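One-letter residues, chain by chain:
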Amino acid sequence: LTRDEPRPGARHEPVGVLDIGTTKMCCLISRARTGGAFELLGASHQLAEGLRAGEIVDVEAVEASIVAVVHEAEQQAGQTLREVVLGVAAGRPHSHRTEVELEIGNRPVTGADLARALAHAQAEARTGGVEVLHALPVEITLDGGQPLRDPCGMIGGRLRVGVHLICAAAAPIHNLVAAVERCHLEVAGVVAAPYASGLASLSDDEASQGALVLDLGGGV
C-alpha cells in the first residue's frame with residue numbers, strides 16, 4: 001500500500017480497489033504483472049448515496065452504491081472480485097508522531113525488530129476508539145548514531161525508530177468495512193485516501209525531498 005509497507009497483489013487473482021468518498025465511489029480492478037507493475041482491467045465510478053463527510057448515514061443506500069460500482073467494474077474487467085483494498089477519508093484521519101526504543105542486545109538488527117517497533121507504536125496509539133491505518137518508519141538510529149536508511153544487519157544495543165502514524169476514529173472505519181463485507185467482499189486492507197493520492201501522484205524524488213499534496217473531496 002505504501003513505499004514502506006507490504007503491497008497486496010503478489011497473487012494471480014485480480015486486485016480490487018474500492019475508494020469510498022462523500023460524493024462518489026470508484027472501483028478499479030487490476031492484475032499484478034512481473035516486476036511489481038499492474039495491468040488495469042476495469043474501472044468504474046458511481047454517485048455515492050448515504051454518506052456524509054465519508055461516513056455512513058444510510059446503510060442501505062451505501063450498500064446499494066457499493067454493489068453498483070463493483071458490478072460495473074467487474075463487467076468491464078470480465079472478472080469477479082473476492083476482496084478489495086478500501087480507500088477511505090472517514091473518521092477524521094490525522095497524523096501522529098511517536099518514538100519507540102528497543103533493546104536488541106548487541107546483535108544484528110533484523111526485519112523482525114523493525115516490525116516489532118512498528119507493532120508497539122500501533123498498539124500504543126490504538127486506544128480510546130482510535131484505529132491506526134498506517135505506521136511508517138521515518139527515522140531509524142542505532143545507539144544514538146546517525147539516521148540509517150536500512151539498519152538490518154548492523155550490530156547495536158539500542159534501536160530507536162521514529163514512527164509516523166496515520167490514525168482515524170475507529171467506529172466510522174469499522175462501519176464502512178462491515179458495509180463492504182455485507183456486499184460479499186473481503187476487505188484486504190484499508191488505506192487513507194489522501195495518503196494514497198500522495199503515493200500515486202508523487203515521484204520518489206518529490207516524496208523524499210518534500211512536497212505537498214492537497215486531496216480535495218466533495219465533503220472535506
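Located above this text is the structure these notes cover.
What counts, and at which threshold
- Residues numbered from 1 in each chain as written.
- Predicted model: local features only at pLDDT ≥ 70, side-chain atom pairs only at ≥ 80, totals over all residues.
- Heavy atoms only, no water.
- Core = buried A, V, L, I, M, F, W, Y, C linked by side-chain atoms within 4.5 Å.
- Buried < 20%, exposed > 50% of the residue type's maximum accessible area, 1.4 Å probe, protein only.
- Helix = DSSP H or I, 4+ residues; strand = E, 2+ residues; numbered from the N terminus.
- Contact = heavy atoms within 4.5 Å.
- Pairing = 2+ DSSP bridges.
- Axes fitted to C-alpha atoms, helices over the stretch in contact; angles between N-to-C directions.
- Expected span 1.5 Å × (residues − 1).
- Polar contact = N/O pair within 3.5 Å; in protein donor to acceptor, adjacent residues only side chain to side chain.
- Arc of directions from axis to C-beta.

## Quick look at the nonpolar core
Within the largest apolar cluster, 34 residues are counted, with the highest numbers of intra-cluster contacts made by L18, I20 and I66. Broken down by element, this core gets its largest block of residues, six residues, from helix α1 (residues 59-77). For I20, the contacting residues outside a window of four places in its chain are M25, L51, I66, L86, G87, V88, A89, L176 and V180. Counting residues in each nonpolar core, the second largest holds 18 residues, with L114, L118, L165 and C167 among its members.

## A short note on the sheet that holds strand β9 (residues 155-169)
Spatial strand order, β7-β9-β8: three strands in an open sheet with antiparallel pairing. Unpaired on one side and paired on the other, β7 (94-108) and β8 (130-142) mark the two borders of the sheet. If you compare each strand with its neighbour and ignore which way they point, the axes differ by 25° on average. Of the strand pairs in this sheet, β8 and β9 are connected by 11 bridges, and their pairing is antiparallel. Note that in β9 the partner of I140 across the bridge is V161.

## Some thoughts on the sheet that holds strand β1 (residues 15-20)
Adjacent strands of a sheet pair through backbone hydrogen bonds, lying either parallel or antiparallel. Spatially, five strands are ordered β3-β2-β1-β6-β10 in an open sheet, and the strand pairing comes out mixed. Single-partner strands in this sheet number two, and they are β3 (38-47) and β10 (186-192). Taken over all neighbouring pairs, the strand axes of this sheet differ in orientation by 20° on average, direction set aside. Across five bridges, β1 lies against strand β6 (residues 83-88) in parallel orientation. Bridge pairing in β6 links V17 to V85. Helix α3 (residues 170-181) contacts β1, β6 and β10 of the sheet and is inclined by roughly 150° relative to β6. Contacting β1, β6 and β10, helix α4 (residues 193-201) runs over the sheet at an angle of about 75° to β10.

## Points about the pairing of β6
With six of its six residues buried, β6 lies for the most part within the structure. The alternating pattern of β6 places E83, V85 and G87 and V84, L86 and V88 on opposite faces, both of which are buried. As paired strands, β6 and β10 are joined by six bridges and run parallel to one another. Bridging across to β10, V85 finds its partner in G189.

## Structural notes on α1
Counted at 1.5 Å a residue, the expected span for α1 with its 19 residues is 27 Å, and the 27 Å between its end C-alpha atoms agrees. Listed as buried for α1 are A61, V62, E63, S65, I66, V69, V70, A73, E74 and A77. Summarising the contacts, the buried residues of α1 are in contact with β1, β2 (24-32), β3, β4 (51-52), β5 (55-56) and α3. Two to three positions downstream of the cap, the backbone nitrogen of E60 sits 3.3 Å from a side-chain oxygen, assigning the N-cap of α1 to D58. Once α1 finishes, G78 follows within two positions and takes phi at roughly 70°, a positive value.

## Re helix α2 (residues 111-125)
In an α-helix, one full turn covers 3.6 residues, which means residues spaced three or four apart are oriented alike. Here α2 contains 15 residues, and its C-alpha end-to-end distance of 22 Å stays within 8% of the 21 Å for a straight helix at 1.5 Å per residue. Among all positions of α2, only D113, L114, A117, L118, A121 and A125 are buried. Mapping the buried residues of α2 onto a view down its axis gives an arc of 135°, with all of them on the same face. Turning to α2, the residues buried within the fold contact β7, β8 and β9.

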